[in-house]
Each structure stands twice: as C-alpha cells, then as structure tokens.
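# Tertiary structure, described
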Amino acid sequence: MELEEAPKQHYSEEEKQNIFNNEFMPHIHSMYNFGYRLTLDQDDSKDLVQDTYLKAYRFIESFQKGTNAKAWLFRILKNSFINDYRKKSKEPSKVDYQEVETYYNSEEVDRQITPDLRVEALKDMIGDEISNALNALDVDFRTVIILCDLEGFKYDEMAKILDIPIGTVRSRLHRARNLLKEKLSEYAKQMGYKTT
C-alpha cells in the first residue's frame, strides 16, 4: 500500500513547540502502553517511546497540523519497533565472558546462584490471564487488537499506521480476536461464563 507523501510544512520554532506539546505529548501514555505491548519489556518500551518522540520532533515538518497526531505517532512507533526487531534478530547475542568469570570468582557471589526453575515458572504463570493471552499472540495479531480494541482506532487509521490494505486489517483483526477467544475460553469457564 503506497501512501502519498504529505507536503512538507514550514513551522516556526514556536509552532513546533506548540505542536509537540499540545498534539504529541497528550498521547505519551498510549504510546508507552502500545510500546510495552509490542516489546513486553518496560525499558525497551521506554526506549521505543523516546525514539518515537525524537523522530516525531525531527520530522515534525512532515506532520500536517490538525490531522490525527496519535495515528502519526503510532505509525512511527510501529515502524521503529519493526526496524529494531529486524536489527536485533540479525545480531548475534553478546556476552562479556570476562565479566561473567569475574563475577563468579568474586567474594560477594551468592553460592545459591542457580534459581529454582519451578518457582520461576510458577511466578510467570500467575498474573492477568487476559494480558497473558494477548501477549502470547503473534506481534501482528497483538498489534491489531491493541490498535482497535484498546486504543480505539478506526480500520482506515489502522491501515495507515500498519501500512496494509483495509481488507487485511479486517481479516487480521478477525483472526486475532478468534485466537484470543480460544486462549481465553478456559479462563472464561473458570469465571462462570458459558462458552460455545
């Protein structure tokens, strides 16, 4: 889906500050929530939001004042997430073996270093069932649920944010909701709901 490039705007420094503070900043909590749902990590989410706002300010002249700032920001965040994900998936894991060896040979090391994996596994299983089910979805499905059902974007806005046809948005959302329904059916039964 090819999007038309909006003509560059020419804003004064005062107008840029106004747009940033009045149109971009009110969405920071939504941006963080979306970033967290994509990354599943607080620090990565904060970095992603910071990167998004930095790019938004740097390219503020591509933003048309009075249009949907939230959708524009979400698109930047989604693209940053995809680019970072691709970059990280191509990088090999890095381990500083000298640091590991120094730590294990130090006097301060607690000899009970290896965690009890059963405790760790149980800790991860306890939590919000809905959040866990949503986080278990593939990122493409998780994204459409977040944009539509949590953030309230319309199909056409989602298509622009995700850079996919509106028909793909509809089918992906339908599939995502069905997957979420499957994942939550047992939980619904436990809560006393009748499932079909």
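Structure: above.
Predicted model, so just to flag it, every value in this text is computed and none were measured.

## Quick word on the packing of helix 9 (residues 155-162) against helix 10 (residues 166-190)
Relative placement of two packed helices is described by the angle separating their axes and the distance separating the axes. In contact at an axis separation of 9 Å, helix 9 and helix 10 are set at 100 degrees when each is read in the N-to-C sense. When the axes of helix 9 and helix 10 are compared, the pair comes out roughly perpendicular. Facing helix 9, whose interface residues are Tyr-155, Asp-156, Met-158 and Ala-159, helix 10 presents Ile-166, Val-169, Arg-170, Leu-173 and Arg-177. The residue inventory of the contact of helix 9 with helix 10, partitioned by class, reads six nonpolar, no polar and three charged.

## Some points on the packing of helix 1 (residues 13-24) against helix 3 (residues 42-58)
Contact pair helix 1 / helix 3: the axes reach a minimum separation of 11 Å and the direction vectors enclose 145 degrees. Of the two elements, helix 1 crosses helix 3, and the hand of that crossing is right-handed. Contacts from Glu-13, Lys-16, Gln-17, Phe-20 and Phe-24 in helix 1 reach Tyr-53, Ala-56 and Tyr-57 in helix 3.

## Some remarks on the packing of aromatic side chains
This structure, assessed with the given rule, holds nine aromatic pairs. With 6.2 Å between their ring centres and 25 degrees between their planes, Tyr-32 and Tyr-36 make a pair best called stacked. Taken as a pair, Tyr-32 and Tyr-36 lie in helix 2 (residues 28-39) at a separation of four residues, close to a single helical turn. Residue Tyr-32 is classed as partly exposed on the basis of its relative accessible area of 22%. A relative accessible area of 30% means that Tyr-36 is categorised as partly exposed. Geometrically, the ring pair formed by Phe-34 and Phe-74 is stacked, given 4.7 Å between the ring centres and 25 degrees between the ring planes. In this pair, Phe-34 sits in helix 2 while Phe-74 sits in helix 4 (residues 69-90), placing the two residues 40 residues apart along the sequence. Take Phe-34 and Phe-74: they sit in the same class, and that class is buried. Taken together through their ring pairs, the aromatic side chains of Phe-20, Phe-24, Tyr-53, Tyr-57, Phe-63 and Trp-72 make up a single cluster. Cation over ring: Lys-70 sits above Phe-153, and NZ or CZ is 5.3 Å from the ring centre.

Procedures and definitions
- Residues numbered from 1 in each chain as written.
- Predicted model: local features only at pLDDT ≥ 70, side-chain atom pairs only at ≥ 80, totals over all residues.
- Heavy atoms only, no water.
- Axes fitted to C-alpha atoms, helices over the stretch in contact; angles between N-to-C directions.
- Helix = DSSP H or I, 4+ residues; strand = E, 2+ residues; numbered from the N terminus.
- Parallel < 35°, antiparallel > 145°, perpendicular 65-115°, else oblique.
- Contact = heavy atoms within 4.5 Å.
- Nonpolar A, V, L, I, M, F, W, Y, C, P; charged D, E, K, R; others polar.
- Left-handed = near helix turned anticlockwise from the far one by under 90°.
- Phe/Tyr/Trp six-rings, centres within 6.5 Å; stacked < 30°, edge-to-face > 60°.
- Buried < 20%, exposed > 50% of the residue type's maximum accessible area, 1.4 Å probe, protein only.
- Lys NZ or Arg CZ within 6 Å of the ring centre and 35° of its normal.

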